[in-house]
Amino acid sequence: MSANALYTDLSHYYDLMCADIDYQSQSHCVQRLHQIFGNSGKLHLDLACGTGPHVRHFIDFGYQSSGLDINQPMLDIAATRCPEAPFTLQNMSEFQVTQPLDLITCFLYSIHYCDGLQKLQDCIHRVFKALNSGGVFCFNVVDRLKIDNRSFVKHNTQYLGETLSFCSGWYYGGEGEKQALKLNIEKHNANETLSWHDEHPMVAFTIKEIADLLKPWFEVHIFEHDYDKILPWDQRSGNAIIVCVKA
């Protein structure tokens, strides 16, 4: 199966795969961080927005929200979920906006979809150019040196009389700037079991490395990966929420 098959050919399964994600809690946390560090503006863009659940919450919070993604089937679902929001087919390393923004987000570790460190730097530069003064860029990351290749997240759900099993986990080979997100879907019914396997290439970095890339452009704040509490990063955990403020 090709590198993006689960997000295109099987895009209608994406929301089921992410059914355990608390999108409201994530969105509310980032809204609070924006209130603390931002410029009080309400123009928002969600990078790698997928089917638009975060955009939906920001619209409900009173933002003029929009989204971009590289997969049109996902954007089609997002447009149905958020008919008042504009969605565009763009790569986050090359995107352009028509007006300066106050908040740019990138949830679900999607910043790692940048194809290598150079593309990650390109994304950072694009974000900087797109933000108003006092604007905020907020996203979450995983530290490549803290990845446990044996750790997977699994859950099952029922859909149209069938059982769907989803499994995902990070993989890092131990060196270099490449890691992967491994995904699996199994669909069970009374007659058969179908299985799809996919592996998405991702850019690998440490939390210190991403902070060093950001510091020439932004004031950088790093927090624990906890959407219920705003706590400074303890310098040890392998996941973090990063808040970047444009001067």
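Quick note: structure is the one above.
What counts, and where the lines are drawn
Residues numbered from 1 in each chain as written. Predicted model: local features only at pLDDT ≥ 70, side-chain atom pairs only at ≥ 80, totals over all residues. Heavy atoms only, no water. Helix = DSSP H or I, 4+ residues; strand = E, 2+ residues; numbered from the N terminus. Rg over C-alpha atoms; globule rule 2.2 N^0.38 Å. Buried < 20%, exposed > 50% of the residue type's maximum accessible area, 1.4 Å probe, protein only. Contact = heavy atoms within 4.5 Å. Core = buried A, V, L, I, M, F, W, Y, C linked by side-chain atoms within 4.5 Å. 1 Å grid on protein atoms, 1.4 Å probe; cavity = no way out; pocket = protein on both sides within 12 Å on 5 of 7 lines; lining within 4 Å. Points joined across faces, edges and corners; volume = space filled by probe spheres on them. Nonpolar A, V, L, I, M, F, W, Y, C, P; charged D, E, K, R; others polar. Salt bridge = Lys/Arg side-chain N within 4 Å of Asp/Glu carboxyl O. Phe/Tyr/Trp six-rings, centres within 6.5 Å; stacked < 30°, edge-to-face > 60°. Lys NZ or Arg CZ within 6 Å of the ring centre and 35° of its normal. Pairing = 2+ DSSP bridges.

A.B. asks: Give a description of the overall build of the protein chain that names residues and reports values.
C.D. replies: Check the secondary structure of the protein chain and you find six helices and 11 strands. On C-alpha atoms alone, the protein chain measures out to a radius of gyration of 18 Å, which is about the 18 Å that the 2.2 N^0.38 rule sets for 247 residues. Counting only C-alpha atoms and orienting by the principal axes, one finds that the protein chain spans roughly 60 × 45 × 35 Å. Each of the 247 residues in the protein chain was classed as buried or not, and the buried ones make up 51%.

A.B. asks: Tell me what's going on with the environment of Phe205, and back it up with residues and numbers.
C.D. replies: Tracing the backbone shows Phe205 in the loop between strand E9 (193–203) and helix H6 (207–214). Look at Phe205 and you get buried, because its relative accessible area is 0%. Taking the C-alpha atoms as reference points, Phe205 and Ile147, separated by 58 residues in sequence, lie 11 Å from one another. Among residues more than four places away in sequence, those in contact with Phe205 are Ile111, His112, Leu117, Leu120, Val141, Val142, Asp143, Arg144, Gln179 and Ile210.

A.B. asks: Explain the nonpolar core residue by residue, including any values.
C.D. replies: The biggest cluster of nonpolar side chains holds 30 residues, and the ones touching the most others in it are Leu47, Ile104, Ile111, Val127, Phe137 and Phe139. Listed by contribution, the elements that provide at least two residues to this core are strand E1 (43–47), strand E4 (101–106), helix H5 (117–130), strand E5 (131–142), H6 and strand E11 (239–245). Per-element accounting of this core gives the leading share, five residues, to H5. Apart from residues lying up to four places away in sequence, Leu47 is in contact with Leu68, Met92, Phe95, Ile104, Thr105, Cys106, Cys123, Val127 and Phe137. In terms of nonpolar packing, the next biggest core, distinct from the first, is built from 14 residues, Leu103, Phe107, Val136 and Val245 among them.

A.B. asks: Quick rundown of the layout of surface pockets? Include the residues and the values.
C.D. replies: Quantified by volume, the second largest pocket comes out at close to 290 Å³. Lining the second largest pocket are 16 residues, and of these Leu45, Ser66, Pro86, Val97 and Thr98 lie nearest its centre. If you list the elements that add at least two residues to the lining of the second largest pocket, you get E1 and strand E2 (64–69). For the lining of the second largest pocket, the element with the highest residue contribution is E2, accounting for five residues. Here the lining of the second largest pocket is composed, by residue class, of six nonpolar, 10 polar and no charged.

A.B. asks: Give a description of helix H3 (residues 53–60) that names residues and reports values.
C.D. replies: Here H3 lies mainly inside the structure; seven of its eight residues are buried. Every buried residue of H3 is listed here: Pro53, His54, Val55, Arg56, His57, Phe58 and Ile59. Directly after H3, the chain includes Gly62, whose backbone phi takes a positive value near 100°.

A.B. asks: Explain the pattern of salt bridges residue by residue, including any values.
C.D. replies: This model, assessed by the stated rule, comprises 10 salt bridges. The shortest N-O distance in the salt bridge between Asp115 and Lys178 comes to 2.8 Å. Within this pair, whereas Asp115 is found in the loop between E4 and H5, its partner Lys178 is found in strand E8 (residues 178–188), the two being separated by 63 residues in sequence. Asp115 gets classed as exposed once you look at its relative accessible area, which sits at 55%. One salt bridge in this structure joins Lys187 and Glu162, with 3.9 Å as the shortest N-O distance. Of the two residues, Lys187 sits in strand E8 while Glu162 sits in strand E7 (residues 162–172), which places them 25 residues apart along the sequence. Glu162 gets classed as buried once you look at its relative accessible area, which sits at 17%. Counted as one network, the salt bridges with shared partners bring together Arg56, Asp60 and Glu84.

A.B. asks: Could you give me a rundown of the packing of aromatic side chains, with the residues and numbers involved?
C.D. replies: The full count for this structure, using the stated rule, is 10 aromatic pairs. Between Phe58 and Phe61 the ring centres are 5.7 Å apart and the planes differ by 80°, which places this aromatic pair in the edge-to-face class. According to the relative accessible area criterion, Phe61 is partly exposed, its value standing at 22%. Among the aromatic side chains, those forming a connected cluster through ring pairs are Phe58, Phe61, Tyr63 and Phe107. The lysine or arginine in question, Lys42, covers the ring of Tyr63, its NZ or CZ lying 4.3 Å from the ring centre.

A.B. asks: Tell me about the pairing of E8, and please be specific about residues and values.
C.D. replies: The side chains of a regular strand alternate, first on one face of the sheet and then on the other. When E7 meets E8, the two strands line up antiparallel, connected through 10 bridges. Bridging from a neighbouring strand, Ser165 pairs with Glu186 of E8. Between the antiparallel neighbours E7 and E8 lie five residues, among them Gly174 with a positive phi of about 110°. Here 11 bridges tie E8 to E9, and the two strands are oriented antiparallel to one another. Bridge pairing links Leu183 to Asp198 in E9. Connecting E8 to the next strand, E9, in antiparallel fashion are four residues.

Spatial relationships are all this shows, so hold off on functional conclusions.
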